[in-house]
Amino acid sequence: MSRSTKLFESYKLGPITLANRLVMAPLTRNRAVPGTFVPGALAAEYYSQRASAGLLITEASQISQQGQGYQDTPGIYSKEQVAGWRKVTDKVHERGGKIFIQLWHVGRISHVDLQANGAAPVAPSAIRAKGKTFVNGTFADVSEPRALELSEIPGIIDDFKRATKNALEAGFDGVEIHGANGYLLEQFAKDGANKRADAYGGSIENRAKLMLEVSKAVAAEAGSDRTGIRISPVTPANDISDSNPQALYDYIVDGLSALKLVYLHVVEGATGGPRDIAPFDYASIRKRFAGAYVANNGYDFDLATKVLDAGAADLIAFGKPFISNPDLVERLKQGAALNDWDKNTFYGGGAKGYTDYPTLAAEPAE
Ligand code: 8OZ
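Below or above, wherever it landed, is the structure these notes cover. (Residues numbered from 1 in each chain as written. Predicted model: local features only at pLDDT ≥ 70, side-chain atom pairs only at ≥ 80, totals over all residues. Heavy atoms only, no water.)

Moving on, we get to the overall build of the protein chain. Looking only at helices and strands, the protein chain has 10 helices and 14 strands in total. Compactness check: the protein chain gives a C-alpha radius of gyration of 19 Å against a globular reference of 21 Å for 366 residues, within 12% of the reference. Principal-axis analysis of the C-alpha atoms places the extent of the protein chain at approximately 65 × 45 × 35 Å. Residues classed as buried in the protein chain amount to 58% of the 366 residues present. Taking the intrachain contacts of the protein chain between residues at least 6 apart in sequence as the baseline, contacts between residues at least 24 apart amount to 73%. Summed over its atoms, the accessible surface of the protein chain is roughly 14200 Å², and 51% of this surface lies on carbon and sulfur atoms. (Helix = DSSP H or I, 4+ residues; strand = E, 2+ residues; numbered from the N terminus. Rg over C-alpha atoms; globule rule 2.2 N^0.38 Å. Buried < 20%, exposed > 50% of the residue type's maximum accessible area, 1.4 Å probe, protein only. Contact = heavy atoms within 4.5 Å. Areas by Shrake-Rupley, 256 points an atom, 1.4 Å probe, with all protein chains shown as cover.)

Next comes the structure, spelled out in structure tokens:
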């Protein structure tokens, strides 16, 4: 049996053609080489096993040491990291897949032990988030951040630019800016974390400025048709909040659309949690954005089909189902059962729970 829905139709995303509308969402796995933060030996196998997705988005990858917030997440700022990622993109391309890398600066969601010389993590304002990070093999409170000086902001934008250049050198088809889940760009955008009195704080225009400047700089390097962005208008992830997310994101998305970014990837609701945590008009931002709308958070086959048929999204990003089902596309096509995921092997470790989930082909016939 093969189910026929829009989900399995191809899609033209800027200059590249995706084989179907399923996107593998960015998923943090903490398996990079300790110390160098080069994608681990199994990463190429892991991503290429999932190459039948229309588009793969890598796990969030820090653009600088300062941008790292968790143990053993991969970077995209050193030559060795670029070489490690090249092995990933080559293997994905060999298997006919397309892959973007997610560019990440965690801002205040970090720990002094991950920063150069034990420095404080940086943030729009010196406000510590209530939350934990994973470091030194255990969960620890995030550290007290310091507010970035106005004069340091161009350096952050430069780090995003350099990471974009590196991503292209590593063979990625494009880049996704991590503008979601309570990390640096969302910390600037939302007034719960941004109390600045300069050109990057106060009004919606000022708070949105860094996200839009980074988007412009990244798009200038990669091409706007190879640049996407992920946002999460109402997520409470990592202790983030805003007094008026609708007005904020209507403004931000107008700006992103003017920059002609190729897609807008939206975490609808609470990241990894309830979709209806707070009222938000997603149709409003879909309408404002000229490029593709990638919907994410808690989708299954039925909801994905419904939303694509209604024209409310162009692509659907699946997260955890892709961890445990390398052949998720084929399984959904056939209406086959899905493997359950094991939460204990999400973050850190080796092949177990990473590259050893079975495909249908590997299962004994019934
Ligand atoms: C889970 C654990 C650590 C980081 C995100 C990059 O939420 C993450 C992340 C997820 O975007």
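Now, onward.
Taken in spatial order, the 8 strands line up as E3-E4-E5-E10-E11-E12-E13-E14 and close into a barrel, and their pairing is parallel. Strand-to-strand twist in this sheet, taken as the mean axis angle between neighbours without regard to direction, amounts to 25°. For strand E11 (residues 227–231) and strand E12 (residues 263–267), the ladder comprises 4 bridges, and the chain directions are parallel. Its bridge partner lying in E12, Ile-231 is registered against Val-266. Helix-sheet contacts for helix H3 (residues 153–169) involve strand E5 (99–104) and strand E10 (174–178), and the interaxial angle to E5 is about 160°. (Pairing = 2+ DSSP bridges. Axes fitted to C-alpha atoms, helices over the stretch in contact; angles between N-to-C directions.)

Moving on: unusual backbone geometry. Even without a glycine there, the phi angle at Asn-117 is positive, about 55°. When you line up the elements, Asn-117 lands in the loop between E5 and strand E6 (122–123). Although it is not a glycine, Asn-238 sits at a positive phi angle of roughly 60°. Position of Asn-238 among the secondary structure elements: in the loop between E11 and helix H6 (245–258).

Here we take up the pairing of E12. Counting buried positions along E12 yields 5 of 5 residues, so the element is predominantly enclosed. Burial along E12 is two-sided: Tyr-263, His-265 and Val-267 and Leu-264 and Val-266, pointing in opposite directions, are all buried. Between the parallel pair E11 and E12, the chain is carried across by H6, and the sense of this crossover is right-handed. With 5 bridges connecting them, E12 and strand E13 (residues 292–296) associate as parallel partners. By the bridge assignment, Val-266 is partnered in E13 with Ala-295. Between E12 and its parallel partner E13, the chain crosses via helix H7 (residues 282–288), and the hand of that crossover is right-handed. (Right-handed = clockwise from strand over helix to strand, strands pointing away.)

This paragraph deals with the site of the ligand. Surveying the vicinity of the ligand reveals the residues Thr-28, Ala-60, Tyr-70, Trp-104, His-178, Asn-181, Tyr-183 and Tyr-347. Between the ligand and the protein, one listed contact pairs an oxygen atom with a side-chain N or O atom of His-178 at 2.8 Å. Take Asn-181: an N or O atom from its side chain is 2.8 Å from an oxygen atom of the ligand. Protein coverage of the free-state accessible area of the ligand, which is 300 Å², stands at 77%. The residue inventory of the shell around the ligand, partitioned by class, reads 5 nonpolar, 3 polar and no charged. (Near = heavy atom within 4 Å. Polar contact = N/O pair within 3.5 Å; in protein donor to acceptor, adjacent residues only side chain to side chain. Nonpolar A, V, L, I, M, F, W, Y, C, P; charged D, E, K, R; others polar.)

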